[in-house]
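Tertiary structure, described
Spelled out, the chains give:
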Amino acid sequence: MRAVTWQGKRDVRVENVPDPTIQEPTDAVIRITSTGLCGSDLHLYEVLTPFMTPGDILGHEPMGIVEEVGAGVPDLQAGDRVVVPFQIACGDCWMCLTGLPTQCETTQVTGEGMGAALFGYTRLYGAVPGAQAEYLRVPQAQFGPIKIPEGPPDDRFVYLSDVLPTAWQAVRYAEVPEGGSVAVLGLGPIGDMACRVAQAQGAGRVFGVDLVPERLRRARERGVETYDLRSFDDEKELVAAIRDVTDGRGPDAVIDAVGTEAHGSAAARLAQSASAMLPRKIGGPFAERFSVDRLAALYTAIDLVRRGGTISLSGVYGGMADPIPLLTLFDKQIQLRMGQANVRRWTDDILPLLTDEDPLGVDDFATHRVPLSDAPHAYEMFQRKQDGAVKVLMKP
């Protein structure tokens, strides 16, 4: 089959690789009909290279048709149309039953000290072959795949794999009071959708911050009060502007949808680049102990949120030596919540909104639809924020 493989920093290629097969009774194999390019894929493309191996198959946002199932998968059969969550979880362990499938005790990557295995996401999360491919082996298929109806186009449901539950959890973790205010930093796919979810969940005011004109326009057209970071001399001016329209306090909650590759943070960016250039045998251990994130967005969130408010982190962070201003967090009584989205915890809440009325705007959420063969160009375009790219879907 054809699949998108990682070969090095900013080097992805579409190559022929072996077809996946059933290896365990709880496996399924699906033929992928749509697969997404995610902002966190760009971290592998740029920053997390010490944890990658040439030939790794990328991608974690798939949907498709079941081709084959193992004997331990009673509720799926060939021909079923499914969306596959980005995390691999059993559904039966204590963590899964508590609503934390990202911490699944069956698939935890204990050798790396990490949580549940993820599709297409570094050796830290199991180095499981990913979903930017023609076919995908799905472990723990007795729990993960979400059956969806025939009829509507893939765009209606493909975001259940990651974008929708990640944005949904970001808003739920933000604990925005009914009629309250929330600021979303970063209007890429997750930030954009988090704004829409916040509106659907009853937020009174939603502020969106970015510096890409197309992303600001998309959010503004849906009623978000947007702030162009380029219009301010620094983040302090941005914070002051939003405080001015929130009674001088700041918003009730802030969602950081940026993560480790925030603009600014020049020193951290240099450290990330240096780590990525080291040989893998050296770069991996170095990154595990001494890595730092670009924390400009997180620092802005801490400054911006009102006292007693909540910060919800949905952007991926991976630093092990990050300087965090605990004095400010403690003094302002800020609640801080974060983590990979627990997909199956939220899908039953989200599905009723995926109707023909399309209140979240999923049907036209993608800005680009490309064949799998165009993946190298799609990565470059998305990483450079060219051609208005916000969300890219690939068709094998």
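Residues numbered from 1 in each chain as written. Predicted model: local features only at pLDDT ≥ 70, side-chain atom pairs only at ≥ 80, totals over all residues. Heavy atoms only, no water.

Further remarks concern the sheet that holds strand 11 (residues 225-228). The strand order across the open sheet built from six strands is 11-10-9-12-13-14, with neighbouring strands paired in parallel fashion. Across the chains shown, the open sheet's two edge strands, defined by having one partner strand only, are strand 11 and strand 14 (335-338). Within this sheet the neighbouring strands show an average axis-to-axis angle of 20 degrees, counted without direction. Bridging between strand 10 (residues 205-210) and strand 11 involves four bridges; their strand directions are parallel. Paired with V209 across the bridge in strand 11 is Y227. (Pairing = 2+ DSSP bridges. Helix = DSSP H or I, 4+ residues; strand = E, 2+ residues; numbered from the N terminus. Axes fitted to C-alpha atoms, helices over the stretch in contact; angles between N-to-C directions.)

Let us look at a negative patch on the surface. A surface patch of negative charge is lined by D233, D234, E235 and E237. One can find E237 in helix 6 (residues 235-244). (Patch = residues over 30% accessible without salt bridge, like charges linked within 9 Å, V, L, I, M, F, W, Y side chains within 5 Å. Areas by Shrake-Rupley, 256 points an atom, 1.4 Å probe, with all protein chains shown as cover. Salt bridge = Lys/Arg side-chain N within 4 Å of Asp/Glu carboxyl O. Lys, Arg positive; Asp, Glu negative; His and termini not counted. Charge placed at Lys NZ, Arg CZ, Asp CG, Glu CD.)

Take the nonpolar core next. Ranked by size, the top nonpolar core spans 41 residues in total, and within it Y159, L160, L164, M193 and I255 carry the most contacts. Contributing elements (two or more residues each) for this core: helix 3 (163-174), strand 9 (181-185), helix 4 (189-200), helix 5 (213-221), strand 12 (253-256) and helix 11 (343-350). Counting residues per element, this core draws most heavily on helix 3, at eight residues. With residues near it in sequence (within four places) discarded, L164 still touches Y159, M193, I350, L354, L360 and V362. Ranked by size, the runner-up nonpolar core spans 30 residues in total, among them L37, L42, F51 and A341. (Core = buried A, V, L, I, M, F, W, Y, C linked by side-chain atoms within 4.5 Å. Buried < 20%, exposed > 50% of the residue type's maximum accessible area, 1.4 Å probe, protein only. Contact = heavy atoms within 4.5 Å.)

This part is about the side chain of T5. With respect to the helices and strands, the residue T5 is situated in strand 1 (residues 2-8). One polar contact links T5 to E15, side chain to side chain, over a distance of 3.1 Å. Ignoring anything within four residues of it in the chain, the contact list for T5 reads D11, V12, R13, E15, V17, G55, D56, I57 and L58. (Polar contact = N/O pair within 3.5 Å; in protein donor to acceptor, adjacent residues only side chain to side chain.)

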